[in-house]
Amino acid sequence: MWTLILLICSIPVSDALWAEEHVTGILGRAITISCHYEAQHNQSHVKYWCQGWSRLCSVRAKTNWPNGRITITDDKTRGMFLVTIKNLQWEDAGWYSCGIETPGHDPMFNVKLHISDEAVSVPGFQYLSQPNVSRSGGSVTVSCESACGSFPIHYTWSEKTPSQDSMISDTNKLDLHCQSFSQQHHQYYCTASNTQGTKSSEIVHVSVNNVREKNCSYRIKMPNIGREYTCDKSSIKSSTTFTTISPTTSPTISPTATGTSAGPKSVRKSCVAWDVIRWVLFTLLVICSVSVTMFTRKH
């Protein structure tokens, strides 16, 4: 009986601290989890991230003690601290707790972290060097990257030809220079792949002037930029944001990977209700335990 009472008391639920109860991160990427608190009373206190769902959990990081892949940033003006976990792995899934160090009973709130394996999105482009140097025949480097999808992601660049496409790079970088051009028009595309699928970019067109002369120059034509992919799903934040060219298909988003918990206000209301229920149960169990003890002594 007393064990049950202690178990109920150990559940870390407090209306002074709240967050989304279920969050989902993508394998290999980073996730940032927002833990909200009452700034009036807890602004100066140390915040921490704890692995486990009870008060016997193991502290993984604090605001004054970052730990490897885990860092905590305290936004005191907004009354919340942000827990960022980089390079998510399958073993990171499980129950955690937001916590605040106080002289008495630490406010804590349980958060369950889920890990999802996602397909890549259509790769987007960016220049790694100034594109205008192509007018004077200088080297230009184009990079491609998928904003969504589980790591590791493998990239290749291929040249499209009438007979057969040929791979020219097994990285996400395409180096363009006059010495690599053998004709007036060239077409290139980038392919991204992981364990969940493969997506190819739109075509990059290159028009070359004076191919075999020393004063070679060329013009790079990127597809029209028209859509932006985001990976904002249940506190997921992509480490790099890329604007992608108008894709014919959208990135695959698994509906089961999306967080379904309510916002901070709804979570806080449910937290208060559970806190009341917990203390009612605690009171009833104490009364029951005392009654059983007195009855046992009389007999």
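The text that follows walks through the structure, step by step, so that each part is easy to find. Remember, predicted model here, so these are calculated numbers, not experimental data.

Thresholds applied
Residues numbered from 1 in each chain as written. Predicted model: local features only at pLDDT ≥ 70, side-chain atom pairs only at ≥ 80, totals over all residues. Heavy atoms only, no water. Helix = DSSP H or I, 4+ residues; strand = E, 2+ residues; numbered from the N terminus. Contact = heavy atoms within 4.5 Å. Pairing = 2+ DSSP bridges. Disulfide = S-S within 2.5 Å. Polar contact = N/O pair within 3.5 Å; in protein donor to acceptor, adjacent residues only side chain to side chain. Core = buried A, V, L, I, M, F, W, Y, C linked by side-chain atoms within 4.5 Å. Buried < 20%, exposed > 50% of the residue type's maximum accessible area, 1.4 Å probe, protein only. Salt bridge = Lys/Arg side-chain N within 4 Å of Asp/Glu carboxyl O. Axes fitted to C-alpha atoms, helices over the stretch in contact; angles between N-to-C directions. Phe/Tyr/Trp six-rings, centres within 6.5 Å; stacked < 30°, edge-to-face > 60°.

1. Some thoughts on the environment of L88
- By the secondary structure assignment, L88 is in the loop between β7 (80-85) and β8 (94-100).
- It is 5.2 Å that separates the C-alpha atoms of L88 and L27, two residues lying 61 residues apart in sequence.
- Apart from residues no more than four positions distant in its own chain, L88 is found in contact with G25, I26, L27, G28, R29, A30, I31, R69, L113 and I115.

2. Topic: the pairing of strand β6 (residues 70-75)
- Where β6 lies against β7, six bridges are found, and the strand directions are antiparallel. Each residue of the ladder has a partner; that of T71, found in β7, is T84.
- Once β6 ends, the chain turns through four residues before running back antiparallel as β7, passing G79 with a positive phi of about 70°.

3. Considerations on the state of the cysteines
- Scanning the entire structure with this criterion turns up four disulfides.
- Paired through a disulfide, C35 and C98 show a sulfur-sulfur distance of 2.0 Å. Taking the sign of the torsion about the S-S bond as the criterion, the disulfide between C35 and C98, at about -50°, is left-handed. One end of the pair, C35, is in strand β3 (residues 31-37); the other, C98, is in strand β8, with 63 residues separating them in the sequence.

4. Considerations on the environment of Q43
- With respect to the helices and strands, Q43 occurs in the loop between α2 (39-42) and β4 (47-51).
- As a C-alpha pair, Q43 and R78 span 35 residues in sequence and 9.8 Å in three-dimensional space.
- Once residues within four sequence positions are removed from consideration, Q43 is found in contact with Y37, D74, K76 and T77.
- Of note is the side chain of Q43, whose polar atom sits 3.1 Å from the backbone oxygen of K76.

5. A word on the nonpolar core
- Membership of the largest hydrophobic core comes to 24 residues, with the highest contact counts inside it found for W49, F81 and V83.
- Of all elements in the fold, only β1 (17-19), β3, β6, β7, β8 and β9 (108-116) reach the threshold of two or more residues within this core.
- Counting 21 residues, the second-largest nonpolar core is a separate cluster that includes I153, L174, A192 and Y218.

6. Regarding the pattern of salt bridges
- Evaluated as defined, the whole model comprises four salt bridges.
- We note a salt bridge from D74 to K47, for which the minimum N-O separation is 2.9 Å. Taken together, the residues D74 in strand β6 and K47 in strand β4 connect sequence positions 27 residues apart.

7. Points about the sheet that holds strand β10 (residues 124-127)
- Ordered in space as β10-β11-β14, the three strands form an open sheet in which the pairing is antiparallel. Edge positions in the sheet fall to β10 and β14 (173-176), since each of these pairs with one other strand and no more. Across the sheet, the mean angle from the axis of one strand to that of its neighbour is 25°, orientation sign disregarded.
- Sheet topology places β10 next to strand β11 (residues 140-145); four bridges connect them, and they run antiparallel. Across the sheet, residue F125 finds its bridge partner in β11, namely C144.

8. Side note on the side chain of S134
- With respect to the helices and strands, the residue S134 is situated in the loop between β10 and β11.
- Since its relative accessible area comes to 5%, S134 is described here as buried.
- What S134 contacts, discounting residues up to four positions off in sequence, is V140, S217 and Y218.

9. Regarding the sheet that holds β3
- In spatial order, the strands read β1-β3-β7-β6; together these four strands make up an open sheet with antiparallel pairing. Unpaired on one side and paired on the other, β1 and β6 mark the two borders of the sheet. Within this sheet the neighbouring strands show an average axis-to-axis angle of 25°, counted without direction.
- With three bridges connecting them, β1 and β3 associate as antiparallel partners. Counted as the bridge partner of W18 is H36 from β3.

10. Here's the deal with the pairing of strand β5 (residues 58-62)
- Pairing between β4 and β5: four bridges, direction antiparallel. Bridged to Q51 within β5 is S58.
- Hairpin connection from β4 to β5: six residues lie between these consecutive antiparallel strands, with G52 at a positive phi of about 130°.

11. As for the packing of aromatic side chains
- Scanning the entire structure with this criterion turns up four aromatic pairs.
- With 6.3 Å between their ring centres and 35° between their planes, Y37 and F81 make a pair best called tilted. Taken as a pair, Y37 in strand β3 and F81 in strand β7 lie far apart in primary sequence, 44 residues in all.
- Overall, Y37 belongs to the buried group, its relative accessible area being 4%.

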